[in-house]
Structures are given as C-alpha cells and as structure tokens.
Amino acid sequence: MIPAPRNAPNRRITLRPARLRPADVVRLGGTGLRTRPLRVFLSALGIAIGVAAMIAVVGVSGSGQAEVDRRLDALGTDLLRVAPGAAPGGQKTRLPAEAVRMIDRIPPVREVAATGATDAKVYRNERIAVGRTGSLTVLAAEDGLLPAVGGRVRRGRWLDAATERYPAVVLGATAAQRLDVHTPGIRVWIGGRWFSLVGVLDPVPLAPELDGAALVGWPAARTYLRFDGRPSTVYVRTEDNAVAAVRGVLAATANPAKPGEVQVSRPSDALAAREVTESALSGLLLGLGGVALLVGGVGVGNTMVISVLERRPEIGLRRALGATRGQIRTQFVTESLLLSVIGGFGGTVLGTLITAAYALSRGWPTVVPVWATAAGVGATLVIGMLAGLYPAVRASRLAPTVALSGP
C-alpha cells in the first residue's frame, strides 16, 4: 500500500501482481526448455523409453491376441481330438479299430478322420544311421484328415484315391525341414523301402503333431509298413452349437468298454492357453516398462532441481519485479509438465512404430489399444507433476535478495 498524493482524495492505491494467462504460463515454461535443448532431449528420452516400452508390450500382446482370434475364426473352434489315455496301472492304451465308424454315427459330427501310429522310421536316404530319426514319426492318414484339421498343402498335393494305396508320402512342415526335402517327386526312405514325396504341408496350428510326421495312405501303411489299422488319434468336426454335447459322449462312443481310457481335448483351447501364458509374460514386461518410466520421472525431477539452482538470478529478478510465489511454482511445474509431455508423445509414437514393425514382421494385424496410449500420456502428466513439484516449491521459497546473489 502507498499513500495518495496531497492534492488527491484521501485514499490509498493497492498494487496487485499481474495475472498470468494460460498462454503466458506455457510460454514461460517453454522458455526454460528452449534454452537447454540437449538436457531437455536427454530427460525427455528417459520418459519416452518408459512410455514406448509400455505401449510396445501392450501393443504386441494385443496384436498377438488379435492374431490368435483371427486364426481361430479361420480354423474354427469346433475341432475335437480323441486319443488313448492312461490306464489305471499306467499301461499303454489303444483305441478300437471301429472308433472312427462309431464316432461318425454321432448326429452333430460333420467330419471325422484319423491317424494311426506305425513303428516305421523316415530317413533322407538309406545311408542314414538307424538312430538318427530327427524325432520324426510315420503316421497312417485317412484321406479326409487334411480338411478335418484345417491343414493346407504348401507344395504338391494331398493323398487321394490314386496315391493312398501306393508308397507315397506327404511330409509335415517340420519333417520336410529336418529332412531337407521340399520338392515333390523326391524319394525318402521309410520302413526299409523308398516312398515318393507327393506333397509338403504348411504348419497345422490345431494339430501340431502332424508337423513332425511323414503321412502315408491308410491302405499303403497296412500293405508296406505292417500297420494294424487301429487309430491312434481321431479328429472330429462338429456343429458349432454342439461341441460341448459331443465332447461329453466322445469317450464312451470311441471306446464303450473302457471310456475312462480315452482322452478328449479341444485343440483351440491349447491356443487360448498359450495366449494366457504370453499375457502373463506381457504383464511382467509391462511392469519393467513402468520401472523405466519411473526412472525417467526421476531424471525429469533431477533436471528441474538443477534448473532451479542455475536460474536463481532469474527467479530473484522475477520476484523483485512482483512475481508471486504461486506464479514461480506454476512456471516450474508447467516446465516439468511440458518436458514430460514431450517425452510422452515421443514414447507413444516410438511404441506404436515398434508394435507395427513387430506385427508386420510376424504377419499379424497391428493393434495398439487406445487405453494404452491414453494411459501412457496420462502417466507422463502425473510423473511430470510429481517430478516438478518439489523444485517448483523450492524455487518459490527463494527470497529476491538471496536469489539475486547468485548460486
């Protein structure tokens, strides 16, 4: 308060500090960032790495889930797998030879096909040592197997009426890779005789056991490989709305005498379980991304503390010119927020690019949830506020005379 002039009315004039508009606050906060570009870049980089890690983890997980859903939509969830289970004494069990025909009588069943295990081994040629099988199996396969499991032929063709009775073979994707055989027409050594390769399969997601197998026709296996004709695995396609009902009667239908020795599974459940496992791993990686973001916030706080120490003369001058403590606090909090927002947006862009690059490399759809982006930016705002609060309060408590005296 100051007294009025003598010739003026008897009143006092009140001086009030100028108010800062939001644009002025942003401009003041940006001034401190523009004068120290390298330090700002390094501090924002810490925030960006944390945000990018979090968004990339969520994005890759979401893209993987979208790919699983896409594959299940294409392959279907109506496939059931019937295989021998364990006997009470631990003995090896087998399915009856009539299992396929009995299962085919269930009304909602649309397709049924089987494979049968043989004792034969497959080799690249007859000179390979007997024990070097590469963990590959030789299976007898019915002609309806491929459509039942949703498989596709990569090269050549599938077994048909013209080839299933003769020494012809179709290799799974893994088997073809281990044998280094990919061109139809080449011969491979199976069970002590040559079989001609007629086709190579793509990987079969719902029946991965076929990837490492050499598949021969059911009649050919009985003729050339001493196959006894008993199925080892039966694949069943049902109506979509009857999967649970069919699953409940499959064991008793496949082996009426010993239904407890029959194992019934749903291959699509394995894909879903794998996705749950990957989601758990994603949660761990998401936590590591949060730690990286916290470290970035500490870096922002450290930068702001150093900035306050270096700018004591500026603070003192502004205080001497009438700036209030609240305005000083607002200036430094705004500067911290701007620094964090720069890192947050940079991390969002970087995390999205990482997700897109990884998804494209795997042939997945790119999915970056909106909530992940919003959470990343929101987390940076909170961290920026907390990181800048202490330096801002410290700056506002500096007296003009102390601040003008220098560091």
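None of the values given here were measured: they were computed from a predicted structure.

Caption draft 1: Main features of the overall build of the protein chain. In terms of helices and strands, the protein chain carries 12 helices and 11 strands. Each of the 407 residues in the protein chain was classed as buried or not, and the buried ones make up 43%. Sequence-distant contacts, at least 24 apart, represent 80% of the contacts inside the protein chain between residues at least 6 apart. A total accessible area of about 21200 Å² is found for the protein chain, and carbon and sulfur atoms account for 59% of it.

Caption draft 2: Fine view of the side chain of Thr115. Counting through the fold element by element, Thr115 comes out in strand β2 (residues 109–117). Take Thr115: its relative accessible area is 2%, and that puts it in the buried class. Here Thr115 is in contact with Leu139, Ala140, Leu145, Leu210, Trp218, Pro231, Ser232, Thr233 and Tyr235, once residues within four sequence places are set aside.

Caption draft 3: Here's a closer look at the pattern of salt bridges. Using the criterion set out here, one finds 8 salt bridges in the structure. When the shortest N-O distance is used, the salt bridge between Arg81 and Glu209 registers 3.3 Å. Of the two residues, Arg81 sits in strand β1 (residues 79–84) while Glu209 sits in the loop between β8 (193–201) and β9 (213–217), which places them 128 residues apart along the sequence. Shared partners join several salt bridges into a network, and the residues in it are Asp78, Arg110 and Arg237.

Caption draft 4: Focus on helix α7 (residues 243–254). Compared with the 16 Å implied by 1.5 Å per residue over 12 residues, the 16 Å span of α7 between its first and last C-alpha is a close match. Those residues of α7 not exposed but buried are Val243, Val246, Leu250, Ala251, Thr253 and Ala254. Looking straight down α7, one finds its buried side chains confined to an arc of 165 degrees; they lie on one side. Among the exposed residues of α7, those oriented more than 90 degrees off its buried face are Ala244, Ala245 and Gly248. Buried residues along α7 sit in contact with β1, α3 (99–104), β2, β10 (233–238) and β11 (262–265).

Caption draft 5: How the structure looks around empty space enclosed by the protein. Inspection of every chain in the model, using the stated rule, returns 1 cavity of 30 Å³ or more. By volume, the largest cavity amounts to about 60 Å³. What lines the largest cavity is simply Gly32, Leu33, Arg36, Arg39, Val40, Thr303, Met304, Ser307, Glu335 and Leu339. In terms of residue class, the lining of the largest cavity is made up of 4 nonpolar, 3 polar and 3 charged.

Cut-offs used in this document
Along each chain, residues carry numbers from 1 onward, in the same order as the chain's sequence is written. With the structure being a predicted model, the display of local features is reserved for residues of pLDDT at least 70 and the display and counting of side-chain atom pairs for 80 or more, all residues being used for whole-chain, interface and lining totals. Processing note: side-chain calculations cover all non-hydrogen atoms of the structure and skip hydrogens and water entirely. Only DSSP runs of H or I with at least four residues qualify as helices, and only runs of E with at least two residues qualify as strands; both kinds are numbered from the N terminus onward. Remark: exposure states derive from per-residue accessible area (1.4 Å probe, protein chains only) relative to the maximum for the residue type, with buried under 20%, exposed over 50%, and partly exposed in between. Should any heavy atoms of two residues lie within 4.5 Å, those residues are considered in contact. Computed by Shrake-Rupley with a 1.4 Å probe, the accessible areas treat only the displayed protein chains as cover when residues are assessed. Basic side-chain nitrogens of Lys or Arg form a salt bridge, by our definition, when they fall within 4 Å of a carboxyl oxygen of Asp or Glu. A helix is expected to reach a length of 1.5 Å times the quantity of its residues less one. Here the arc refers to the set of directions running from the helix axis out to each C-beta atom. In the cavity and pocket records, a cavity denotes points on a 1 Å grid over the protein atoms alone where a 1.4 Å probe fits but cannot get out, a pocket denotes an open set with protein on both sides within 12 Å along at least 5 of 7 lines, and lining residues are residues with an atom within 4 Å of a point. Grid points are joined across faces, edges and corners, and a volume is the space filled by probe spheres set on the points. Side-chain classes follow a simple rule in which Ala, Val, Leu, Ile, Met, Phe, Trp, Tyr, Cys and Pro form the nonpolar group, Asp, Glu, Lys and Arg form the charged group, and the remainder, Gly included, forms the polar group.

Read these as spatial facts, not as claims about activity.
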